Amino acid sequence: MNSNNWQGKRVFITGCTGLLGSWLTDALIGMGADVIGLIRDFVPQSHLVRAGMMDKITVVRGDLCNYDLLERTLAEYEVEIVFHLAAQTIVTIANRAPLSTFETNIRGTYLLLEAARRNPTVSGVVIASSDKAYGDQPELPYHEAAPLQGRHPYDVSKSCADLISQSYAHSYGLPVIVTRCANLYGGGDLNWNRILPGTIRSVLLGERPIIRSDGTFKRDYVYVKDAVRGYLMAAEQIGKPELRGEAFNFGMGHPETALDVVQTIIRVSDHPELEPIILDEVENEIQDQYLNSDKAGKMLGWEPQYTLESGLAETMAWYREFLNLS
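Structure report, in brief. (Residues numbered from 1 in each chain as written. Predicted model: local features only at pLDDT ≥ 70, side-chain atom pairs only at ≥ 80, totals over all residues. Heavy atoms only, no water.)

1. A few points about a nonpolar patch on the surface
Right, so step 1: Residues Ile-210, Ile-277 and Leu-279 make up a contiguous nonpolar surface patch of about 230 Å² in total accessible area.
Right, so step 2: Its relative accessible area of 30% is what places Ile-277 among the partly exposed residues. (Patch = residues over 30% accessible without salt bridge, like charges linked within 9 Å, V, L, I, M, F, W, Y side chains within 5 Å. Areas by Shrake-Rupley, 256 points an atom, 1.4 Å probe, with all protein chains shown as cover. Salt bridge = Lys/Arg side-chain N within 4 Å of Asp/Glu carboxyl O. Buried < 20%, exposed > 50% of the residue type's maximum accessible area, 1.4 Å probe, protein only.)

Structure below.
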């Protein structure tokens, strides 16, 4: 990455209070960028607020699906780079209430892309897709050329947003790069029903962690700081014609079962005697998902710098302080 590239750069981030958005905002502020953040709900416990970054950015309050707000923001702040991270990301919520997921993840994406297309100052848009956009594939790991075939609500929402983003690049020449991250983890994820933050909180409090599946589901994990590096490296090169409309996987390439991840957290904690509670009640989720990230290495120069163990060590330290256990 080139930190000089970001000095004074006008950057718009949707979803800046989320896990990835908070850490990306932190990194950009540290490099001198002028960050404008779209915030729908004030989340006092978010990393963005707790780290004091809310006072260092321009806050635009409103909903992603408000087209007039998006166009006004991009125009009035003369935004140059857009990072679109806002989404409804919880699979169980998508299964229970699909309309809000479709509205945010699909409609919100095409409204933002249209606003970006109509504003001449925008020189690039980085869109957060997901490994879930691939759906269930006959071959693993996922490669970027695999068809996007989500079947369940959350997966479908990411498949659609991903394809719409590519269409804006190919039909209108909008400089768009799509990112497909493995399961993100790191300090600041307050969605406790996700396996990593939920398990870490339980274990730090000396409680038995809960696994919603049967424990055999395999997932790829990537530490949030590695993902931030990937997003910044993509954005810095977004003007290259050969990258327009391209998608990039960001993952470790080493899948772990849910049970293995939970046992790793237990092993490095102060309560190695804990035994997980396995509910085996998951529905509408894919059995195994993991990524091949060779393309990101070859075209962007990205590769993960954290192992699962080193990433978990930093993550647990963050939650220990968050829970006032340090």
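2. Overview of helix α8 (residues 224-236)
Right, so step 1: Relative to the 18 Å expected for 13 residues at 1.5 Å per residue, α8 spans 18 Å between its end C-alpha atoms, a close match to the ideal helical length.
Right, so step 2: With eleven of its 13 residues buried, α8 lies for the most part within the structure.
Right, so step 3: Among the residues of α8, those classed as buried are Val-224, Asp-226, Ala-227, Val-228, Arg-229, Gly-230, Tyr-231, Leu-232, Met-233, Ala-234 and Ala-235. (Helix = DSSP H or I, 4+ residues; strand = E, 2+ residues; numbered from the N terminus. Expected span 1.5 Å × (residues − 1).)

3. So, a negative patch on the surface
Right, so step 1: Taken together, the side chains of Asp-214, Asp-280, Glu-281 and Glu-283 define an acidic patch exposed on the protein surface.
Right, so step 2: Tracing the chain through its elements places Asp-280 in the loop between β13 (277-278) and β14 (288-289). (Lys, Arg positive; Asp, Glu negative; His and termini not counted. Charge placed at Lys NZ, Arg CZ, Asp CG, Glu CD.)

4. Some words on the side chain of Gln-166
Right, so step 1: Locating Gln-166 in the fold gives a position in helix α6 (residues 153-172).
Right, so step 2: Reaching out from Gln-166, the side chain makes a polar contact with the side chain of Asp-162 at a distance of 2.7 Å.
Right, so step 3: Excluding residues within four positions of it along the chain, Gln-166 makes contact with Leu-148, Val-178, Arg-180 and Gly-245. (Polar contact = N/O pair within 3.5 Å; in protein donor to acceptor, adjacent residues only side chain to side chain. Contact = heavy atoms within 4.5 Å.)

5. Description of empty space enclosed by the protein
Right, so step 1: The tally for this structure, following the rule as stated, stands at one cavity of 30 Å³ or more.
Right, so step 2: Here the largest cavity defines a volume of roughly 50 Å³.
Right, so step 3: If you trace the largest cavity, you find it lined by His-84, Ala-86, Ala-87, Asn-105, Thr-109, Ile-127, Ala-128, Lys-158 and Ala-161.
Right, so step 4: Elements with a contribution of two residues or more to the lining of the largest cavity: α5 (98-117), β5 (124-128) and α6.
Right, so step 5: Partitioned by chemical class, the residues of the lining of the largest cavity number five nonpolar, three polar and one charged. (1 Å grid on protein atoms, 1.4 Å probe; cavity = no way out; pocket = protein on both sides within 12 Å on 5 of 7 lines; lining within 4 Å. Points joined across faces, edges and corners; volume = space filled by probe spheres on them. Nonpolar A, V, L, I, M, F, W, Y, C, P; charged D, E, K, R; others polar.)

6. Some details on the nonpolar core
Right, so step 1: Residues Trp-6, Ile-13, Leu-28 and Phe-83 are the most contacted members of the largest nonpolar core, which totals 69 residues.
Right, so step 2: Other than its neighbours up to four places away in sequence, Leu-28 contacts Trp-6, Val-11, Ile-13, Ala-33, Val-35, Phe-83 and Leu-232.
Right, so step 3: Core analysis: the next-biggest nonpolar cluster, separate from the first, contains 29 residues, Leu-70, Val-125, Val-176 and Val-178 among them. (Core = buried A, V, L, I, M, F, W, Y, C linked by side-chain atoms within 4.5 Å.)

7. Details of the pairing of strand β1 (residues 10-14)
Right, so step 1: Taken across its five residues, β1 has four buried, putting it largely inside the fold.
Right, so step 2: In terms of strand pairing, β1 meets strand β2 (residues 34-39) through five bridges, oriented parallel. When the sheet's bridge partners are listed, Phe-12 is paired in β2 with Ile-36. (Pairing = 2+ DSSP bridges.)

8. Some remarks on the sheet that holds β14
Right, so step 1: Reading across from one edge, β12-β9-β14 is the order of the three strands in this open sheet, with mixed pairing throughout. Either end of the sheet is taken by a strand with one partner, and the two such strands are β12 (256-257) and β14.
Right, so step 2: When strand β9 (residues 218-219) meets β12, the two strands line up antiparallel, connected through two bridges. From the neighbouring strand, Lys-218 faces β12, where its bridge partner is Thr-257.

9. Observations concerning unusual backbone geometry
Right, so step 1: With an omega of 0 degrees, the peptide bond running from Leu-140 to Pro-141 counts as cis.
Right, so step 2: Position of Pro-141 among the secondary structure elements: in the loop between β5 and α6.
Right, so step 3: Notably, Asp-280 is not glycine yet its phi reads approximately 50 degrees, a positive angle.

10. Section: the pattern of salt bridges
It is possible for side chains bearing opposite charge to pair when their charged atoms get close.
Right, so step 1: Per the counting criterion, the structure on display carries twelve salt bridges.
Right, so step 2: Among the ionic pairs, Asp-189 bridges to Arg-194, the shortest N-O distance being 3.0 Å.
Right, so step 3: Take Arg-194: its relative accessible area is 26%, and that puts it in the partly exposed class.
Right, so step 4: Across the salt bridge formed by Glu-314 and Lys-225, the nearest N and O atoms sit 3.0 Å from each other. Placement of Glu-314 in helix α11 (residues 308-322) and of Lys-225 in helix α8 is noted, with a sequence separation of 89 residues between them.
Right, so step 5: When its relative accessible area of 31% is taken as the criterion, Glu-314 is described as partly exposed.

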